[in-house]
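# A closer look at the structure
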Amino acid sequence: MLDKTFDPQKIEEKHYREWENSGAFACDPKSDKQPFTIMMPLPNVTGSLHIGHALNSTLQDIVTRYHRMKGCDALWQPGTDHAGIATQMVVERTLGEEGVSRHDLGRDGFVKKVWEWKEESGGTIVNQLRRLGATPDWSRERFTMDEGLYKTVIKVFVQLHKEGLIYKDKRLVNWDPKLHTAVSDLEVEQKEQKGKMWHIQYPVEGETVEFITVATTRPETMLGDTAVAVHPDDERYKDMIGKSVSVPIVGRLIPIITDEYADPEQGSGAVKITPAHDFNDFEVGKRNDLPMINIFDTNAKINENGPKEYQGLDRFEARKKILAELEELDALVEVEDIKHSVPYSQRSAVIIEPYLTDQWYLDAETLAQPAIKAVEEGKTVFVPKNWENTYFEWMRNIQPWCISRQLWWGHQIPAWYGPDGKIFVAETEKEAEAAAEKHYGKKTKITQDEDVLDTWFSSGLWPFSTLNWIDDSPEVQRYYPGDVLITGFDIIFFWVARMMMMGIHFMGDVPFKKVYLHALVRDASGQKMSKSKGNVMDPLELIDQYGADALRFTLTAMAAQGRDIKLSEQRIEGYRNFATKLWNASRYCEMNECKAQDDFDPAALSYTPNQWIVGEVAATKVALDQALEDYRFNDAANVLYQFVWGIFCDWYLEFTKPVLQGSGEHKEETQATTAWALEQILILLNPFMPFITEELQEKMFGGAKLITTAWPDYGADLKQDEAAAKMEWLIRFISEIRSVRADMNVPGGAKIKLLVKDACEHTQEGLKAYDGIIKQMARLESIEMLDGDVPKGSIQTLVDQTMLILPIADIIDLDKESARLGKEIEKLKNDIKKTEQKLGNKQFIDNAPDEVVDEHKSRKVEAEKTLDKLAQALKQLEAA
């Protein structure tokens, strides 16, 4: 017997343990089934489950469970990323609490400590994914620093270097002065803040006193200026082009050059060029063959290239000193208050410094061409498709990828240096030594590059490195390319694009056929979640409170393509109520002895409501399949919700209640049909709400676990049009009466008389067949045919061509209800007017997100429908 209430805490751990121990998550490379592959976006080993992970993992799990039940050999490949900077910081922080630095331990000792930390604390998120009900093949779990993946990374680096696609170069990078490493764009956070724009006069060399004014937010970088640029079409400066200006304080003469980067409409139209400390200036410097003077050391302090009195000063101390000196020189002509974006390191929270340094680069432009072509030709399709434009925009303007990081934790770059700086790239130190001996003609000491590879380099190989590509395993042939990648849109560039480039280059084919990109999970008001705002929703706390099924279904139901999720606890509570509704419906079935029959044939039923419900089950499955094939997860959830709550619980169980509680000829058939329909619900709902469905299946029906149950195939003969038409009429009939009662504020407990006028033969048959059901569900005391005039004090409505008359004058105060409806109508009119004004406001339309505008439009349409309905009701009352 089922418990009176559903308690997720009692059953979730038990069922997950049974699933995992059964081996149901595992793929089978020797199987003759159709393979289905999905690669998990690998979470950082330092991470813990956040709400974005919960959404991403839920959608992946639904797709995996669905294809597993459809008979595929499903591989959902799990694993974690070694997360270079993040992990190194965590371990350094832990050591710092013990008064130890990584330098005290040395590189080998520190790396050993990181491995120890990984073994003790690195599995947190993996266990948290289990709480959510995720079912990847844990037996194949990989880590980007494990031996097989390490060998793959090294082999790939060496091969790309041989092909000339990896090289060393001196270029600008995002430099973290605290962590002393280059960081990727993904690890740079642009923060809008107040600042200053300083306008500085540079004296033009010549006999007459002449100045050119430039503006900068970073006056300390003027120590590294090597030119002033003006637009070639700017008439104001045509006589100055080719002359030189003197950099204040430094006194260095630098040329006035032309470059289209200078914007005549901005400020004076002249810009100072500091190629070693600004990304745009770096490109100008390359185009114009300018010197590149690096004025900072790795700590962002002025180095030996600055004036002696500035050397050793922090960049911001130097700024203060420079501004004071410019004031003395009368060279500071204006100080402007501005708001601008300042780049911060996400890891260390210090301001990033564009820094000129020697790094390893990958020729991304060359690798990008086949990856662009693959999407153009439809070999990989983005869902929603508009994200392809974002992908193309980035790939067609791609820059060399800086792949080296100044860290100790990560894949150490397989390059060794001879005494004269000669570079030897090889898979092993032994091979590098042999190459060096051949080059120098004798055994020569070589030293390995201390840098490690960018974390995204190894994660870019994930779709094939995890399949033991290094050993040319059968799994590579079977599970590559993947069928779909499900991930967030924010890592299109950093991960999706790089997997495309690497996969095509090394495998000759795209790494996945489809890329489904979900949106962000925001708070209920649409704000991005952050600890500082205090609006973060912890998925584990939500699971504790509402159950994993409620959280999973909420996220799925709200995952509309291209639209951010506005998550609230009220929504999760609502879908917990959905789980409760299913549980209570199952208890009702159990109490009415609805049991599965081995010989049950859903196509051979005689009672119309039973014929109808099996047809609705089949139609629901068709709609569900289509939604899942199209990755319309919210539509899939809505199909299930509407069927379970709306059709099965609210209509079918109510239609059949008199039969189940009586002893008529249809009772046994209805018990068996109800049991069959409930079991189909559990199967169809299982990928979305695995815990409650598994528990109900076990308690109600026994047999095999749902996780290993085959996806149903009902055939086309379950949909009976005649039965569907009869039940649809019955639903319309009851719904119309309920609607009138609600509009007129008739008390729920009041039973009223129904008079039927001009009933066609079809309606008369329906009234005769379902008299008891209609009376019970519409709260009627009687149903009578009317040939004469409509009694005074009655409300009239139509179902098809039949007039329904409800005498309600003795039940409600008609004048009072007329006044109430009049007030509601006025309020609706005011609401519609306000919405129209907002939608007519160009500023609102231009600035509001599309979903907010759509919400207002939808609200207006619904209000207009309600207004029309209430106006009709008021008209009826006045006529009565």
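A short tour of the structure in this document, coming up. All values reported here derive from a predicted model rather than from experimental measurement. (Residues numbered from 1 in each chain as written. Predicted model: local features only at pLDDT ≥ 70, side-chain atom pairs only at ≥ 80, totals over all residues. Heavy atoms only, no water.)

## What about the overall build of the protein chain?
Applied cut-off: Runs of E in the DSSP output that reach at least two residues are strands. Runs of H or I that reach at least four are helices, and both are numbered from the N terminus. Burial here depends on accessible area, computed with a 1.4 Å probe over protein chains only, as a share of the maximum for the residue type. Under 20% is buried, over 50% is exposed, and the range in between is partly exposed. Contact between two residues is taken to exist if any of their heavy atoms lie within 4.5 Å; hydrogens are not considered. Per-residue accessibility takes into account occlusion by the displayed protein chains alone, with areas from the Shrake-Rupley method and a 1.4 Å probe. His is not counted here, nor are the chain ends, while Lys and Arg score as positive and Asp and Glu score as negative. A single reference atom marks each charge: NZ on Lys, CZ on Arg, CG on Asp, CD on Glu.
On a plain count of helices and strands, the protein chain comes out with 28 helices and 29 strands. Taken over the C-alpha atoms alone, the protein chain extends approximately 110 × 65 × 55 Å along its principal axes. Within the span of the protein chain, comprising 880 residues, buried residues form 54% of the whole. Considering only contacts in the protein chain between residues 6 or more positions apart, those separated by 24 or more positions represent 78%. Taken as a whole, the protein chain presents about 40,100 Å² of accessible surface, with 46% of it coming from carbon and sulfur. For the protein chain, the separation between the mean place of its 105 positive charges and that of its 143 negative charges on side chains is 2 Å.

## Thoughts on the sheet that holds strand 8 (residues 211-216)
Quick note on the threshold: Here, strands pair whenever DSSP counts at least two bridges between them. The convention used is that axes are lines fitted to C-alpha atoms, helices contributing only their stretch in contact, and that angles between N-to-C directions extend from 0 to 180 degrees.
The three strands are arranged 8-7-13 in an open sheet whose pairing can be described as antiparallel. The open sheet has two edge strands with one neighbour each: strand 8 and strand 13 (332-345). If you compare each strand with its neighbour and ignore which way they point, the axes differ by 20 degrees on average. Strand direction decides the pairing type here: strand 7 (residues 188-203) and strand 13, joined by 13 bridges, are antiparallel. Following the sheet pairing, Lys194 is matched in strand 13 by Lys339.

## Focus on the nonpolar core
What counts is decided by this rule: Only buried residues count toward a nonpolar core. Its members are Ala, Val, Leu, Ile, Met, Phe, Trp, Tyr and Cys residues joined through side-chain atoms within 4.5 Å.
Trp612, Phe633, Phe648, Phe655, Phe688 and Ile774 are the most contacted members of the largest nonpolar core, which totals 150 residues. With 15 residues, helix 20 (residues 633-660) is the largest single contributor of residues to this core. Among all residues touching Trp612, those that are not within four sequence positions of it are Ile647, Trp651, Tyr652, Phe655, Ala723, Ala724, Met727 and Ile731. Of all hydrophobic cores here, the second largest spans 62 residues; its members include Met39, Trp401, Met501 and Val515.

## Quick word on the state of the cysteines
Quick note on the threshold: Cysteine sulfur atoms that come within 2.5 Å of each other are treated as a disulfide pair.
Taken as a whole and assessed by the stated rule, the structure comprises zero disulfides. Here Cys72 stays unpaired: no disulfide links it, and the sulfur of Cys27, its closest cysteine neighbor, is 13 Å away.

## Thoughts on empty space enclosed by the protein
Convention followed: Here a cavity denotes a set of grid points, spaced 1 Å apart and computed over the protein atoms alone, in which a 1.4 Å probe fits but from which it cannot get out, and a pocket denotes an open set meeting protein on both sides within 12 Å along at least five of seven lines; residues with an atom within 4 Å of a point are reported as lining. Grid points are joined across faces, edges and corners, and a volume is the space filled by probe spheres set on the points.
What the rule picks out here adds up to three cavities of 30 Å³ or more. Volume-wise, the largest cavity comes out at about 50 Å³. Every residue lining the largest cavity is listed: Gly84, Ile85, Glu187, Arg405, Leu407, Val452, Leu453, Asp454 and Thr455. Listing elements by their share of the lining of the largest cavity, those giving two or more residues are helix 3 (84-97) and strand 21 (452-453).

## A few points about the packing of aromatic side chains
Our working rule: Any two rings among Phe, Tyr and Trp, with Trp reduced to its six-membered ring, count as a pair given centres within 6.5 Å; such a pair is stacked if its planes are under 30 degrees apart, edge-to-face if over 60, and tilted if neither. Charge over a ring is defined by NZ of Lys or CZ of Arg lying within 6 Å of the ring centre and within 35 degrees of the ring normal.
Under the criterion given, the structure shown has 41 aromatic pairs. Between the aromatic rings of Phe382 and Tyr391, the centroid separation amounts to 5.1 Å while the plane-to-plane angle is 45 degrees, which identifies the pairing as tilted. A residue is classified by how much of its surface remains accessible, and Phe382, at 1% relative accessible area, is buried. Judged by its relative accessible area of 1%, Tyr391 is buried. Grouped by ring-pair contacts, the aromatic residues Phe553, Tyr575, Phe578, Tyr641, Trp645 and Phe688 constitute a single cluster. The aromatic ring of Trp138 is capped on one face by Arg130, whose charged end is 4.3 Å from the ring centroid. Note that Lys321 overlies the ring of Tyr310, its terminal NZ or CZ placed 5.4 Å from the centroid.

## A short note on the layout of surface pockets
Defined as follows: Throughout this entry, Asp, Glu, Lys and Arg are counted as charged residues, while Ala, Val, Leu, Ile, Met, Phe, Trp, Tyr, Cys and Pro are counted as nonpolar. The remaining residues, Gly among them, count as polar.
Its volume calculated, the second largest pocket comes out at about 1,400 Å³. Lining the second largest pocket we find 48 residues, and of these Thr216, Thr217, Arg218, Asp278 and His340 sit closest to its centre. Of all the secondary-structure elements, those providing two or more residues to the lining of the second largest pocket are strand 7, strand 8, strand 12 (270-273), helix 7 (279-287), helix 8 (315-328), strand 13 and strand 14 (353-362). For the lining of the second largest pocket, the element with the most residues is strand 7, which contributes nine residues. A breakdown of the residues in the lining of the second largest pocket according to their chemical character gives 17 nonpolar, 18 polar and 13 charged.

## Things to note about helix 9 (residues 364-376)
Rule in force here: Expected helix span is computed as 1.5 Å times (number of residues minus one).
If you check helix 9, its first and last C-alpha atoms are 18 Å apart, about what 13 residues at 1.5 Å a residue would give, namely 18 Å. Buried within helix 9 are the following residues: Ala364, Leu367, Ala368, Ala371, Ile372, Ala374 and Val375. Those residues of helix 9 hidden inside the fold are in contact with strand 14, strand 15 (381-383), helix 10 (387-396), strand 16 (401-402) and helix 15 (492-507). Immediately beyond the C-terminal end of helix 9, within one or two residues, lies Gly378, with a positive phi of roughly 80 degrees.

## Points about the pairing of strand 14
In terms of burial, strand 14 is a largely internal element, nine of the 10 residues being buried. As paired elements, strand 5 (residues 166-176) and strand 14 share 10 bridges and run antiparallel to each other. Looking at the pairing, Tyr167 lines up with Tyr361 of strand 14.

## Side note on the pattern of salt bridges
To keep it simple, the criterion reads: The salt bridge definition used is simple: a Lys or Arg side-chain nitrogen within 4 Å of an Asp or Glu carboxyl oxygen.
By the definition in use, this model includes 58 salt bridges. For Asp544, the salt bridge is made with Arg131, and the minimal N-O distance between the two is 2.8 Å. Pair noted here: Asp544 is in helix 16 (residues 539-546) and Arg131 is in helix 5 (residues 124-132), with a separation of 413 residues, a long-range link. Residue Asp544 is classed as partly exposed on the basis of its relative accessible area of 42%. A relative accessible area of 31% places Arg131 in the partly exposed class. For Arg576, the salt bridge identified is with Glu573, shortest N-O distance 3.6 Å. Of this pair, Arg576 and Glu573 both sit in helix 18 (residues 569-591), separated by three residues, roughly a single helical turn. Overall, the relative accessible area of 29% leaves Arg576 in the partly exposed class. Each of Lys14, Glu18, Glu695, Glu698, Lys699 and Lys705 takes part in a single network of salt bridges with overlapping partners.

## Quick notes on the packing of helix 18 against helix 21 (residues 667-685)
Condition: For this classification, under 35 degrees means roughly parallel, over 145 means roughly antiparallel, 65 to 115 means roughly perpendicular, and everything else is oblique. The hand of a helix crossing depends on one turn: near helix anticlockwise from the far one by less than a right angle means left-handed, and clockwise means right-handed.
Between helix 18 and helix 21, the shortest axis-to-axis distance is 11 Å and the interhelical angle comes to 150 degrees. Between helix 18 and helix 21, the interaxial angle falls into the category roughly antiparallel. In this structure, helix 18 meets helix 21 at a crossing whose hand is left-handed. Contact residues: Phe578, Leu582, Ser586 and Cys589 in helix 18; Thr674, Leu678, Ile681, Leu682 and Leu685 in helix 21.

## Quick notes on a negative patch on the surface
The condition that has to hold: Every patch collects residues that have over 30% relative accessible area and no salt bridge, joining them within 9 Å if they carry like charges and within 5 Å if they are nonpolar side chains (Val, Leu, Ile, Met, Phe, Trp, Tyr).
Taken together, the side chains of Asp598, Asp599, Asp601 and Asp717 make up a negatively charged region of the molecular surface. The exposed category is assigned to Asp598, whose relative accessible area is 86%.

## Some words on the environment of Ala368
Topologically, Ala368 is positioned in helix 9. Residue class for Ala368 comes out buried when judged on its relative accessible area of 0%. On a C-alpha basis, the gap between Ala368 and Gly702 in space is 53 Å, while along the polypeptide they are 334 residues apart. Look past the residues within four positions of Ala368 in its chain and what remains in contact with it is Met395, Ile398 and Met501.

## Some points on helix 26 (residues 814-839)
With 26 residues, helix 26 extends 37 Å from end C-alpha to end C-alpha; this agrees with the ideal 38 Å at 1.5 Å per step. Inspection of helix 26 places Leu814, Glu817, Ser818, Leu821, Ile825, Leu828, Ile832, Thr835 and Leu839 among the buried residues, and these make up the whole buried set. Those residues of helix 26 that are buried lie in contact with helix 23 (721-743), helix 27 (842-847) and helix 28 (850-879).

## Observations concerning the sheet that holds strand 20 (residues 447-448)
Within a sheet, neighbouring strands are paired by backbone hydrogen bonds and run either parallel or antiparallel to one another. Taken together, three strands build an open sheet; the order of strands is 19-18-20 and the sheet is antiparallel. Among the strands making up the open sheet, the edge pair consists of strand 19 (423-425) and strand 20. When strand 18 (residues 415-417) meets strand 19, the two strands line up antiparallel, connected through three bridges. If you follow Ala415 over to strand 19, its bridge partner there is Val425. Relative to strand 19, helix 11 (residues 429-440) is tilted by about 140 degrees, and along the sheet it contacts strand 18 and strand 19.

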